[in-house]
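# Summary of structural features
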Amino acid sequence: MAVNALGDYDDTNVFARILRGEIPCRKVYEDESVLAFHDINPQAPVHVLVIPKQPYVSMADFLESASAEQIAGFWRGVGAVARLLNLAPGGFRLLSNAGRDAHQEVPHMHVHLFAGRELGAMLVA
Ligand code: 5GP
């Protein structure tokens, strides 16, 4: 079920459990701000999820409530993942679903990072 982009944070969500080490992930990168890991149901040859370590429900919540330091740390983490995987030469796509209309399923803010093939149109009608 899609989540409310600005609802209360539910610390039983699957990404909170991954952050606490309660369930495994295929980790790609970690620093003080972010954890990045492979999506369990990849939609492209490279499909990595980047999540902040702080408890934000969605991108909307993050951009409203995170500190400038947290926001900078998050995007620097995304950049570190793209460099680590050498994605700039072929290109990549970042996507963040926030709330109902975007079909956000996991209520912990995350960015999808797609790469590894021609990615086609940005939105499917
Ligand atoms: P959303 O629709 O919320 O933007 O995307 C959530 C993503 O999380 C989906 O692409 C889904 O495949 C992924 N996902 C859901 N549960 C797990 C999990 O337990 N582990 C990993 N690695 N990815 C998950």
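Use the structure listed above.
Notes on the structure in this doc start here. If you're wondering where the values come from, they're calculated on a predicted model, not measured in any experiment.

### Quick look at the sheet that holds strand β5 (residues 111-115)
Strand order in the open sheet made by the five strands is β1-β2-β3-β5-β4, with antiparallel pairing throughout. Among the strands making up the open sheet, the edge pair consists of β1 (27-30) and β4 (93-95). Ignoring which end each strand starts from, the neighbouring axes of this sheet average 20° apart. Relative to β5, strand β3 (residues 46-52) runs antiparallel, the two being bridged by five bridges. Bridge pairing in β5 links Val-50 to Val-111.

### Some details on the layout of surface pockets
Taken as a whole, the largest pocket spans an internal volume of roughly 960 Å³. Lining the largest pocket are 32 residues, with Asp-39, Gln-43, His-47, His-112 and Phe-114 sitting closest to its centre. Those elements that provide at least two residues to the lining of the largest pocket are α1 (14-19), β2 (34-38), β3, β4 and β5. In the lining of the largest pocket, the residues fall into 18 nonpolar, nine polar and five charged.

### Observations concerning the packing of aromatic side chains
Summed over the entire model, instances satisfying the criterion amount to four aromatic pairs. Measuring from centroid to centroid gives 5.3 Å for Tyr-56 and Phe-62, while their planes differ by 75°, and the two rings are edge-to-face. Phe-62 shares its class with Tyr-56; the two are buried. Each residue in the set Tyr-56, Phe-62, Phe-74 and Trp-75 is aromatic and connected to the rest through ring pairs, giving one cluster.

### Description of the pattern of salt bridges
Scanning all chains against the criterion turns up five salt bridges. The salt bridge partner of Lys-27 is Glu-30, with a shortest N-O separation of 2.6 Å. Assessed through its relative accessible area of 40%, Glu-30 is described here as partly exposed. With a closest N to O distance of 2.8 Å, Glu-30 and Lys-53 form a salt bridge.

### With respect to the pairing of β3
Most of β3 sits out of view: six of its seven residues are buried. Here β2 runs beside β3; their pairing, made up of five bridges, is antiparallel. Directly across from Phe-37, in β3, lies its bridge partner Leu-49.

### Here's the deal with the site of the ligand
The immediate surroundings of the ligand are formed by 16 residues, with Asp-39, Asn-97, Glu-105, His-110 and His-112 found nearest. Here Ile-40 contributes a backbone N or O atom positioned 3.3 Å from a nitrogen atom of the ligand. Here an oxygen atom of the ligand sits 2.8 Å away from a polar atom, N or O, in the side chain of His-112. Out of a free accessible area of 520 Å², the ligand has 83% covered by protein chains. More than half of the atoms belonging to the ligand lie within 2 Å of the grid points that define the largest pocket.

### Concerning unusual backbone geometry
Phi at Asn-86 takes a positive value of approximately 55°, unusual for a residue other than glycine. By the element assignment, Asn-86 lies in the loop between α3 (68-84) and β4. A relative accessible area of 55% means that Asn-86 is categorised as exposed. Phi is positive for His-103, close to 60°, though the residue is something other than glycine. Residue position: His-103 is located in the loop between β4 and β5. Exposure remark for His-103: the relative accessible area of 58% places this residue in the exposed category.

About the criteria used
- Residues numbered from 1 in each chain as written.
- Predicted model: local features only at pLDDT ≥ 70, side-chain atom pairs only at ≥ 80, totals over all residues.
- Heavy atoms only, no water.
- Pairing = 2+ DSSP bridges.
- Helix = DSSP H or I, 4+ residues; strand = E, 2+ residues; numbered from the N terminus.
- Axes fitted to C-alpha atoms, helices over the stretch in contact; angles between N-to-C directions.
- 1 Å grid on protein atoms, 1.4 Å probe; cavity = no way out; pocket = protein on both sides within 12 Å on 5 of 7 lines; lining within 4 Å.
- Points joined across faces, edges and corners; volume = space filled by probe spheres on them.
- Nonpolar A, V, L, I, M, F, W, Y, C, P; charged D, E, K, R; others polar.
- Phe/Tyr/Trp six-rings, centres within 6.5 Å; stacked < 30°, edge-to-face > 60°.
- Buried < 20%, exposed > 50% of the residue type's maximum accessible area, 1.4 Å probe, protein only.
- Salt bridge = Lys/Arg side-chain N within 4 Å of Asp/Glu carboxyl O.
- Near = heavy atom within 4 Å.
- Polar contact = N/O pair within 3.5 Å; in protein donor to acceptor, adjacent residues only side chain to side chain.
- Areas by Shrake-Rupley, 256 points an atom, 1.4 Å probe, with all protein chains shown as cover.
- Sits in = over half its atoms within 2 Å of the grid points.

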